[in-house]
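# Commentary on secondary and tertiary structure
Each chain is listed here by its residues.
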Amino acid sequence: MPKKPVSKRLLGAAAVIGAMLSVASASLAQDVSAPDNQASAQQGPLSQTPCDELIGYDHPRITCGYLAVKETPQGRDLDLAVAVVAAVDGSQGKEPVVFLHGGPGGAIVNAARQFASHPMNKTRDVILFDQRGSGLSRPIDCPEASSAYLEMLAADLDAKTSTARQANIESACRDRIINEGADLDGYGTRETVGDMEVLRKALGVESWNVMGVSYGTTVGLDYVRMHPQNTRALIMDSVYPPSFASGGDAATRSFARALEQLYVDCRRDDECRHAYPGLETSYLATVIALERKPLAVPVSDRSLVPSGVFYMNAQDFTSIIHQMLYGKATISLVPKVIDLAARGEAEALAGLVEILGPLAKRIDLTARLSVECRERWLTPGRNLTDMDRLERFLRRSLTIFDTEDVLCEDWAPQFSDPDFNAPVSSPVPAIFYSGANDPITPPENTLATFRRFPAGQYVHVPHTGHGVDRSHLCVREITAAFLDDPRALVRDGCVGDITPIPFVTQVALSRGALPFAAGVLQMQSPFLLVSLAIGGFLIVIGMIWMLTAVSRSQHGRRPSAIALASAGSSGLSGVLLLTFAAVLTLTIADAGAGLTPAILALGLPAESGWLLLLPLAALAAFAVGIVMLFLALARGGANTKANAPLMVLAIGCGLVLGVLWWQGFFAAVG
C-alpha cells in the first residue's frame, strides 16, 4: 500500500492526536444575516454568529449560529449552538441529515469540519447542534465541577470517600444552578426532540434524515416515535435505547463483555498472545494491587492536575481501561498498558493520563444527571446476585457509577414520562450499527432495537469499539449509500475487510513524544513552536557563520585546536538536533496517520527507538563544545569576536536542548 505524501501524513497526525475518537440548508447563511458592526442578528429563533467566534475556525461551507429556545415554557432563555455544513454539491436538493451527539452532555458543533469530508456531505447538508446544557450551548452550567471531579480522581481516595466527594461536587453544582434560576425539569430527551422541531422549522426543512450515536440514538428513536412524518430515514450508531437501564450494574456487564472480547482478540493475534500470555490474570492482579497501593503517576500539565501527581488507584485504572476500549486506536494499547501497570511503570503511564484526563471535563453535569436521573434511574442500587464472577469483581471497581444512585433521589425524583422507556418500533427505514468491542452499548442492544423496525437493516462491525461510523471510511460510505436509497439492501461487504486490532507489544517509551506531537503538529503550544524555530534558526546561522569563518581563516592564522574542537562538537550537536526534530516529526506523522496513533501517549514505535538516542548524543556533543568554547574564550581574553559564531551556535543548541528537556525527552521512562 503506497504511503501518503508527507504533508497529508502531517495533517492526518494532527487530526488524530489530541489524546487520541450536517446540515440543513445553506439557507442558514441566506436567511440569517448579521447587520454591520454586530456579532449576530436575530431572525425568529435562529441567529447567525461568525464561526471563528463560536467554534474557533472558519470553513467555506460551514455556517454557525444559535437557536433560541425556552428551558421550560415559563423558564430561562437558552441558546443552542448550531452549525450547518453545506453539501459539496447542493444543487441536488436532497434531504439533509441532522446529527445527534452522545452523552447526555456531550458536544458536536466544535467538530463541524469533520463532517465536511463525510461521504454523505457530498450531496446532503449536515445539521449539527449542541443539546441544551451541553457543549457550546448557553448558559454553560458548573464548568468548575469538571475540574473538581478530575482533581478528585487524581487524589488517593478509597472508594467510599471518592463516591462521597463526587456526590458533594455534583450536589454543589445542582444547588448553584437552581439558585441561579435553572429548572432541571427542562432537561430531557423529550425536550431535545422539541428543540429539533424548532430547528427543523427554522431552517425550512420539511423532512430530514436523523443520525445519532450513543445517547444520540435515544434522542433519534424518540424523535421517530414522536415525529415519524418528518423522518425520511434513521441512522443509529451504537444504540442506547430508551428501554435500556443505565447505572453501575449495566455498565459493568457491558464492560465485562468488552474485556472478554479483548482477551479473545489478543489470543487470536500471535504477537499479542506471546507478549501477554496471561492478560486476564494480569489485569485482575493489577486491580487488586492498585487497591492496596496506587501508582503515583507524574503529570506535567498542572492545569490538568494541579498537584502534578495523579494517584492511579483501582477505580482510576478500571475507568482508564474502560475508556480505552471505546476506540480501535486505544484498544490496541490496552494489553501494553495493563502490562506497564502490572510492572509499576508509573512514568510510562503519564502520557496516557494526560490524554484521557480531559475526557472527565467533556460531559456537562446538568445535562447528564438531569436526563439520566429522570429517564434511566430504573434499577438503583447493586444487584450482584445475577452477576458472574468477573462482573462481580469488576463491579467493586466501578463504584464511580454509584453516585447516580445517591444523587438521583434529589436531582430529579420522578420520571418525566413513564412511557418514555417503552421500546420503540417504527416503519421508517433505518440502519443500525454495532461495534464488536463496544464497552458501553453492547451489540445486543442494537440488535434488539433493529428487530422492532420492519424496514431496518443491521450491520455488525468487527474490531471496532463505540461509535462505528467515525471509525471506518467503509462504514461512512455504507451510510451515504443507505441515504441515497434507504429501502434498498446495503452492500456491507467492506466490513469483512476491516483489519484486526493491531495490538502494540513493543514501544520505545518516552514522555516527550505526546507533548511534541501536540505542540508541533497540532500547534497547541506557541512557545514550543517559537522556541524551536528560534533555536533552529540560530543553529543554522551559527553553522554557516562558523564554516565561513573557518574557511576564511585558511588564508590567515590557522584556528587553534581548541577552537576547531569546539566548532566540531557544537556543529555535531546542531546537526543531531536538527536531524532529530525533522525525523521525529515525520515519525510522529506516520504514527498518527496509521492505525495506532495513541502509541504516542507511551512513546514511539519500537522501530523508531534509535531516535531517542540522538538528543543524548547531542547533549554530550554540546557539553564538549561548551567546555571547549570556554577554554577558547579564556585563551582569547576580552576578544570574543573570533568565537562569535560558536556562541551563536551554542545558544541555538542550548535552546533546543532546553525545549527537549521540557518536553520530557530526557526523562527516564521504563
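See the structure printed just above.
Keep in mind that this is a model prediction, so the values were computed, not measured. As a convention, each chain's residues are numbered from 1 in the sequence order in which they are written. For a predicted model such as this one, the threshold for reporting local features is a pLDDT of at least 70, and the threshold for listing and counting side-chain atom pairs is 80 or more; totals across whole chains, interfaces and linings nevertheless cover every residue. The side-chain values count all of the structure's non-hydrogen atoms but skip hydrogen atoms and water molecules.

## Looking at the overall build of the protein chain
Helix and strand assignments come from DSSP, with helices taken as H or I runs of at least 4 residues and strands as E runs of at least 2, each series counted from the N terminus. Each helix and strand in the protein chain was counted, giving 24 helices and 14 strands. Each of the 670 residues in the protein chain was classed as buried or not, and the buried ones make up 56%. Each accessible area is a Shrake-Rupley estimate made with a 1.4 Å probe; only the visible protein chains count as cover when residues are assessed. A total accessible area of about 28100 Å² is found for the protein chain, and carbon and sulfur atoms account for 57% of it. Partly exposed residues are those whose accessible area sits between 20% and 50% of the maximum for their type, while under 20% is buried and over 50% is exposed, using a 1.4 Å probe and protein chains only.

## Some points on the pairing of strand 5 (residues 97-100)
Of the two faces of strand 5, both are covered, the one formed by Val97 and Phe99 as well as the one formed by Val98 and Leu100. Two strands pair when backbone bridges link them, and strand 5 and strand 7 (residues 208-214) are joined in this way by four bridges, in the parallel orientation. In the sheet register, Phe99 faces strand 7, and the bridge partner there is Met211. Strands were regarded as paired on the criterion that DSSP finds at least two bridges between them.

## Notes on the packing of helix 11 (residues 314-324) against helix 13 (residues 334-342)
Relative placement of two packed helices is described by the angle separating their axes and the distance separating the axes. With axes taken as lines fitted to C-alpha atoms, and helix axes fitted only over the stretch in contact, angles between N-to-C directions fall between 0 and 180 degrees. At a minimum axis separation of 10 Å, helix 11 and helix 13 run at an interaxial angle of 165°. Looking at the two axes, helix 11 sits roughly antiparallel to helix 13. Two packed elements cross with a definite hand, and for helix 11 against helix 13 that hand is right-handed. Between helix 11 and helix 13, the residues in contact are Phe317, Ile321 and Met324 and Val334, Val337, Ile338 and Ala341, respectively. For classification purposes, an angle smaller than 35 degrees is called roughly parallel, one larger than 145 roughly antiparallel, one from 65 to 115 roughly perpendicular, and anything else oblique. By definition, turning the near helix anticlockwise from the far helix through less than a right angle yields a left-handed crossing, and turning it clockwise yields a right-handed one. Whether two residues are in contact is decided by their heavy atoms: any pair within 4.5 Å suffices.

## Looking at unusual backbone geometry
Negative phi values dominate among residues other than glycine, just as trans dominates among peptide bonds. Residue Pro104 is bonded to the preceding Gly103 through a cis peptide linkage, with omega at -5°. Mapped onto the secondary structure, Pro104 falls in the loop between strand 5 and strand 6 (126-129). Backbone geometry places Ser214, a non-glycine residue, at a positive phi of 60°. If you trace the backbone, Ser214 turns up in strand 7. On the accessibility criterion, Ser214 (12% relative accessible area) is buried. At Ser238, a position not held by glycine, the phi torsion is positive, near 60°. Mapped onto the elements, Ser238 comes out in strand 8 (residues 231-239). For Ser238, a relative accessible area of 0% translates into the label buried.

## A short note on the state of the cysteines
By convention in this document, the label disulfide applies to cysteine sulfur atom pairs within 2.5 Å. As enumerated under the stated definition, the model contains three disulfides in all. Between the sulfur atoms of Cys51 and its disulfide mate Cys64 the distance is 2.0 Å. Because the sign of the S-S torsion sets the handedness, a value of about 105° for the bond joining Cys51 and Cys64 places this disulfide among the right-handed ones. Separated by 13 residues along the polypeptide, Cys51 in helix 3 (residues 51-54) and Cys64 in strand 3 (residues 62-70) bring together distant segments of the chain. Assessed through its relative accessible area of 1%, Cys64 is described here as buried. Here Cys474 connects covalently by a disulfide to Cys494, the sulfurs 1.9 Å from one another. In this structure the cystine formed by Cys474 and Cys494 twists about its S-S bond by roughly 75°; its chirality is therefore right-handed. Within this pair, whereas Cys474 is found in helix 19 (residues 473-484), its partner Cys494 is found in the loop between helix 19 and strand 13 (507-509), the two being separated by 20 residues in sequence. The partly exposed category is assigned to Cys494, whose relative accessible area is 26%.

## Topic: helix 24 (residues 644-663)
Take the residue count of a helix, subtract one, and multiply by 1.5 Å to get its expected span. The terminal C-alpha atoms of helix 24, which comprises 20 residues, lie 29 Å apart, in line with the 28 Å expected from a rise of 1.5 Å per residue. Looking one or two residues past helix 24, Gly664 carries a phi angle of roughly 105°, positive in sign.

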